[in-house]
Amino acid sequence: MPPVQRKKDTSNLSENYVPSKTSKEYDQKKSSSSGGLICLSILQVILTFLIINFAASFFLTETWFWGYEGKYTNWRNWIPRREIIFSEAELAKYDGSDPNLPIYIAMNGEVFDVTAGKHYYGKGGGYNFFAGKDASRAYITGCFETHLTHDLRGLTHQQIKDLENWAGFYRDHHTYYKVGRVVHPPIDPKTPIPPPCNDASAQKSQ
Ligand code: HEM
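Residues numbered from 1 in each chain as written. Predicted model: local features only at pLDDT ≥ 70, side-chain atom pairs only at ≥ 80, totals over all residues.

## Quick word on the overall build of the protein
Piece 1. Of the regular secondary structure elements, the protein holds six helices and four strands.
Piece 2. Secondary structure of the protein in N-to-C order comes out as α-β-α-β-β-α-α-α-β-α.
Piece 3. When each of the 206 residues of the protein is scored for burial, the buried share is 17%.
Piece 4. Look at the contacts in the protein between residues 6 or more apart in sequence, and 62% of them connect residues 24 or more apart. (Helix = DSSP H or I, 4+ residues; strand = E, 2+ residues; numbered from the N terminus. Buried ≥ 20, exposed ≤ 12 C-beta atoms within 10 Å, placed from the backbone. Contact = placed C-beta atoms within 7 Å.)

## What about the UniProt feature "transmembrane region" (unreviewed entry) in the protein?
Piece 1. On the UniProt side, "transmembrane region" (unreviewed entry) is annotated at positions that read residues 37-60 here.
Piece 2. A distance of 34 Å separates the end C-alpha atoms of residues 37-60, which is 100% helix and 0% strand. (UniProt positions renumbered as here; feature names shortened; annotations may be inferred.)

## Some points on the sheet that holds strand β1 (residues 84-87)
Two modes of strand pairing occur in sheets, parallel and antiparallel, and in both the strands are linked by backbone hydrogen bonds.
Piece 1. Strand order in this open sheet of four strands is β1-β4-β3-β2, and the pairing throughout is mixed. The outermost strands of the open sheet, each flanked by one partner alone, are β1 and β2 (104-107). Each adjacent strand pair in this sheet contributes to an overall mean axis angle of 40°, direction not counted.
Piece 2. Inspection of the sheet shows strand β3 (residues 110-113) paired to strand β4 (residues 177-183) by four bridges, in the antiparallel sense. Looking at the pairing, F112 lines up with K178 of β4. (Pairing = 2+ DSSP bridges. Axes fitted to C-alpha atoms, helices over the stretch in contact; angles between N-to-C directions.)

## What to know about the nonpolar core
Piece 1. With 23 residues, the main nonpolar core has L91, Y104, I105, A106, V111, F112 and V114 as its most contacted residues.
Piece 2. Of all the elements in the fold, those that place two or more residues in this core are β2, β3, α4 (136-141) and β4.
Piece 3. A total of four residues in this core trace back to one element, the largest contributor, which is β2.
Piece 4. Apart from the residues within four sequence positions on either side, F112 is in contact with Y104, I105, M107, Y170, Y176, Y177, K178 and V179. (Core = buried A, V, L, I, M, F, W, Y, C linked by C-beta atoms within 7 Å.)

## Focus on the pairing of β3
Regular strands place their side chains on alternate faces of the sheet.
Piece 1. Here β2 runs beside β3; their pairing, made up of four bridges, is antiparallel. Within the sheet, the bridge partner assigned to Y104 lies in β3 and is D113.
Piece 2. The turn joining β2 and β3, which pair antiparallel and follow one another in sequence, is formed by two residues; a positive phi near 50° is taken by N108.

## What about unusual backbone geometry?
Piece 1. Non-glycine residue N108 carries a positive phi angle of around 50°.
Piece 2. Tracing the chain through its elements places N108 in the loop between β2 and β3.

## Considering the environment of A138
Piece 1. Summarising the element assignment, A138 is placed in helix α4.
Piece 2. Residues A138 and D151 lie 13 residues apart in sequence; the distance between their C-alpha atoms is 9.7 Å.
Piece 3. In this view, A138 contacts C143, F144, H147 and L148; residues no more than four positions away in its chain are not counted.

## A few points about the confidence of the model for the protein
Piece 1. Within the protein, residue pLDDT values average 86, and 82% of them lie at 70 or more.
Piece 2. Predicted confidence is poor over residues 10-14, with pLDDT under 50, and the contacts of this stretch with residues over four places away or in other chains come to one contact. (pLDDT = per-residue confidence, 0-100.)

## Some points on the environment of A89
Piece 1. Here A89 shows up in helix α2 (residues 88-92).
Piece 2. Separated by 44 residues in sequence, A89 and K133 place their C-alpha atoms 8.9 Å apart.

Dropping the structure here:
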């Protein structure tokens, strides 16, 4: 006897068919899980690309970022921190004489942590005179004895631009980073502008 062909029950496939709540939920679940899968695949592609990129960079340049070293490779710049406001006296504590404290220098009011360069700025370092103060003027004139001041009066436009380059050097450094600002008392305009020193470069070589 041939098998009995059962007729499919199409009673609820009529024009007025409204899918049951459970099948709707099933469809929603299905589409959200396929959306999740797409996101995962995109993440996988990005991750693979990054790994290949870093590996190629390391293989070809022996650095992870194609030789780039700057503020973006300085992990300290990725940590959100509140700016510290220093008085001149507070800043002076960070001049490298206390080995338990970081070393700070200031550049036109901006304070940078230069502890990583303690062989320059720490005790006995060739540039220790810059530590714990805002000696912006000396960065421009090279007068390391008499111009260790933030007093920029009398400097030319070009010299001020050069100072901005120094600030950029500290801002974009791969180990130094900005910690805050120093507040200077206003300069009395009646005080004399620091006189030029004779041989700025000779001061460094001494
Ligand atoms: C306007 C004059 C100058 C300024 C403001 C200045 C400033 C600086 C600063 C801030 C550093 C440390 C850089 C860092 O943190 O990585 C440095 C390093 C250095 N500077 Fe100068 N410099 C000046 C002139 C000179 C001169 C004339 C010489 C050479 C006679 C010199 C030789 C060096 C050397 C060899 C280093 C490497 C570190 C060291 O051995 O002390 N600089 N300079």
